[in-house]
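Listed here are the chains, written in short residue letters.
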Amino acid sequence: MERSRKILIIGEIQNGKPVPVTLELIGEGKRLASFTGARLFLAVAGSGIRGICRDLLRYPVDRIIAMDHPRLEPAQLEVHGKVMEVMIREQKPDIVLGGGTLFGKTLIPSVAAALGTEVMTDAVGLDIDRETGRLLAIKPAFDGKQMSVVSMPEAEVQIASVKPGVFQKSDETDNKKGNITMIPADWLEDIKEQKKTLDFIFEGDQKICLEDAKIIAAGGRGLKGPEGFELLKRFADRIGAQMGSTRPCVDAGWTLPEQQIGQTGSITKPDLYLAFGISGAIQHMTGVRAKTVIAVNNNPNAAIFQYCDYGIVGDAQKILKEFLEN
Amino acid sequence: MRILVYLKEIPPEEERDQYQDTEGLNDSDKNVLMEALNLRDEEGGTVTVMTIGPSRAEKTAREALTWGVDRSILVLQGRNGTGNVRKSARLLARAIEAEGAFDIVLCGRQALDGDAAHMAAMTAFFLKIPLIAYSRRIEAANGKLYNWCMSENGTEQTECSMPALVLSVKENQKIRHPNVADIMSAYAESTAIPVFGTGQSETERMIQKVREYTPKETPKKRKLLDGKDEQELAEKLYQVLREQDVLE
C-alpha cells in the first residue's frame, strides 16, 4: 500500500475563530491519518491570528502552517488562493482536505486549478482505500441524483472538499505535540486586489442557519407553490422551527438557496424534522440526520415514509392550513 | 455591456437518464437567462450564450435563442467523467476568449455539480478575472460592477472592475417569456448555431468512479397516522407535536 505521508487541511477563520468544518476536518483527518501513519497539518491564513493558532494546538494536529498579514482579512479569493497554493507546493501533502463553506467552495477549486489538478467536491464521506492507500470520497454524481465513491488514482495531490456538518468536531487533546510554523507574508502586498468589500450587512440571528437548527419544517414540491411555503413559514414560526426546502423549490424561486437541504444544500442534524410534500429522494434525505422524522405526503408509496418515525398520508398544504386554523 | 452566459453542462448521451432532470433549459438556466436579458435591457449591450455538451446540446443552444439572446454558441465537449471539471472549465475559458471581450460572464446555481461553485471558480481562474460568487443582485455603474452576495453571516456588498465572472443565485427575476419572432428565428433553417471545439472525449480522467454508493438505511419503526380528512390528520399532527414537547 502506498502510504500517505501528509494530510493537509485548508483551515478557515471567520470572526476570530476557526469555522466548525475546520474542526470537523481535524477529527476526520486524524482518523484517516491513523490508517497510514500520515502526519496531519493545518494551514491557516488571516490577520492577527497568532492567538488562534495557539488555541488550535488543543486539537490533534502535528503542525500548523500559518500566515498572518492584514491583506488576509477580509478574505479575498485572489490572496487566499495564492497563499494556499504556495503552502501546498512547499509542504507537498498527498492529501488536501477543505471545508465547503461559501468561501471554501470558491477557494478550493481555484487552488486545485492553480495546482493543475481536480477536486472531489461536496464529499459526504471519506475513507482510505486499504489496498492502494488513496483517498476515497463519497460524493454526488450526476447533479446529486446518485452518489458515488470516487478517487484520484494518479494525482500527485488528492484534494477533497467536504460539506459542513458531515463529521463531528474533533475532541481536544492533552497531548500537545503540535507546533506552529509562521510563513513570511510580505509578498502579499504585490497581489492586485480584484474585489473590494464596500459594506457588510450583518444578519446575525435572523440569518437562516439550518445546520444548527434543532427543529426543521421542510417543504417540497407537494406544497405546490409559494402559497404552500407561506403556510409552512407560519407553521414553522408556530412551533419554533427553521424552514427548509428541497432543491426543486429553490430552483422554482419558492424558497431561498440558504433554505435548501440535501446533497447539494445543507446537512442538518435536528432533533425533529418535519417533511411536508417531500418525496424523500436520496439526494434530499442525505442532508437529513434527524433524531425524529415526521412526514406528510399524499402519496402512500413516497420514499419519505421509509425514513420517518411518524407518517401522515394526506395533502400537505391542506393539513397545514387546518393545523393553523384550529 | 457585453454579457456572456454559460448554461448548465449537458451530459453525454449515455449519462442522460441518470443526470438530466429536463430536456433543454432547466429552471436554473432560465433564471440566469432572464437575469442577463434584464441586465441588457437596463444597461444596453448584448447577451451571448454558451452551452457545453455533446452535439445534441445544439437543441439547448437553439432554445436559448428563443429567449431573445443575441448569439448562442455550442461548445462541443466529449465525455469527461463525473467531477472532472477542470477540463470543462479550461475549454469554456478558451471558447470565451475566442469569442472576444466580455464585461460579465454570468452563470447560475446549477453548474455541473449542483451548488458547488466548482465550475465558476475554475473558469474564473483560467480567464484570470475576478469571481463574484453567490450574487443576489448585480448593478453596473461608472465602469464598475456592484454585487450584493450571500455570505455566512449576512450580505456582502462588493465592487470590482470588469470583466468579472458572476455566479448568480438571484431567484424571482422579472419574468420574461419567449416571443414569437424569436422562436421563429431560432428554428429557421438559415439560423446556424456556431460550434467551438471538437467534442473529443478525454482519455485522462483525474477523478475516477470506484463504485456506486447507497447509504445504509436504518430501519425505522414507523407509525402511520390515520384520519378521515385533513382536519383529523391535522389534529393527529398536533398530538404528535405535543408528545415531542414542541407545543404546550
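Here the structure is a predicted model, which is why all the values come from computation and not from measurement.

What counts as what
- Residues numbered from 1 in each chain as written.
- Chains lettered and ligands numbered in written order.
- Predicted model: local features only at pLDDT ≥ 70, side-chain atom pairs only at ≥ 80, totals over all residues.
- Heavy atoms only, no water.
- Domains from an automatic or database assignment.
- Phe/Tyr/Trp six-rings, centres within 6.5 Å; stacked < 30°, edge-to-face > 60°.
- Helix = DSSP H or I, 4+ residues; strand = E, 2+ residues; numbered from the N terminus.
- Buried < 20%, exposed > 50% of the residue type's maximum accessible area, 1.4 Å probe, protein only.
- Pairing = 2+ DSSP bridges.
- Contact = heavy atoms within 4.5 Å.
- Buried area = accessible area lost by both parts, 1.4 Å probe.
- Salt bridge = Lys/Arg side-chain N within 4 Å of Asp/Glu carboxyl O.

**Q** I'd like a description of the domain arrangement of chain A, backed by residues and values.
**A** The domains assigned to chain A are domain 1 (6-190) and domain 2 (210-325). Centre-to-centre, using C-alpha coordinates, domain 1 of chain A lies 32 Å away from domain 2 of chain A.

**Q** Mind laying out the packing of aromatic side chains, listing which residues take part and the relevant values?
**A** All names here are of chain A. Under the criterion given, the structure shown has five aromatic pairs over all chains. Ring centres 6.2 Å apart and planes at 45 degrees place the aromatic pair F229 and W254 in the tilted group. With a gap of 25 residues between them, F229 in helix α5 (residues 226-239) and W254 in the loop between α6 (247-251) and β16 (272-276) connect regions that are remote in the sequence. On the accessibility criterion, F229 (3% relative accessible area) is buried. For the pair F235 and F276, a centre-to-centre distance of 5.1 Å together with 75 degrees between the ring planes defines the contact as edge-to-face.

**Q** Go over the pairing of strand β6 (residues 95-99) of chain A with me, naming the residues and quoting the values.
**A** Residues and elements named next belong to chain A. Burial runs high along β6: five of the five residues are buried. Residues I95, L97 and G99 point to one face of β6 and V96 and G98 to the other, with burial holding for every one of them. Summarising the sheet, strand β1 (residues 6-10) and β6 pair through four bridges and their orientation is parallel. Opposite I9, over in β6, you have L97 as the bridge partner. Looking at chain direction, β6 and strand β11 (residues 158-162) are connected through five bridges and run parallel. Each residue of the ladder has a partner; that of L97, found in β11, is A160.

**Q** Lay out the interface of chain B and chain A in plain terms, naming residues and giving numbers.
**A** Often the size quoted for an interface is simply the accessible area lost on bringing the parts together. Taken together, the contact between chain B and chain A spans 80 residues of the former and 86 residues of the latter. Summed over both partners, the interface of chain B with chain A buries about 7500 Å², with 59% contributed by carbon and sulfur atoms. Summed over the shared surface of chain B and chain A, the number is two salt bridges. Note that K196 of chain A is salt-bridged to E159 of chain B, the shortest N-O span being 3.8 Å.

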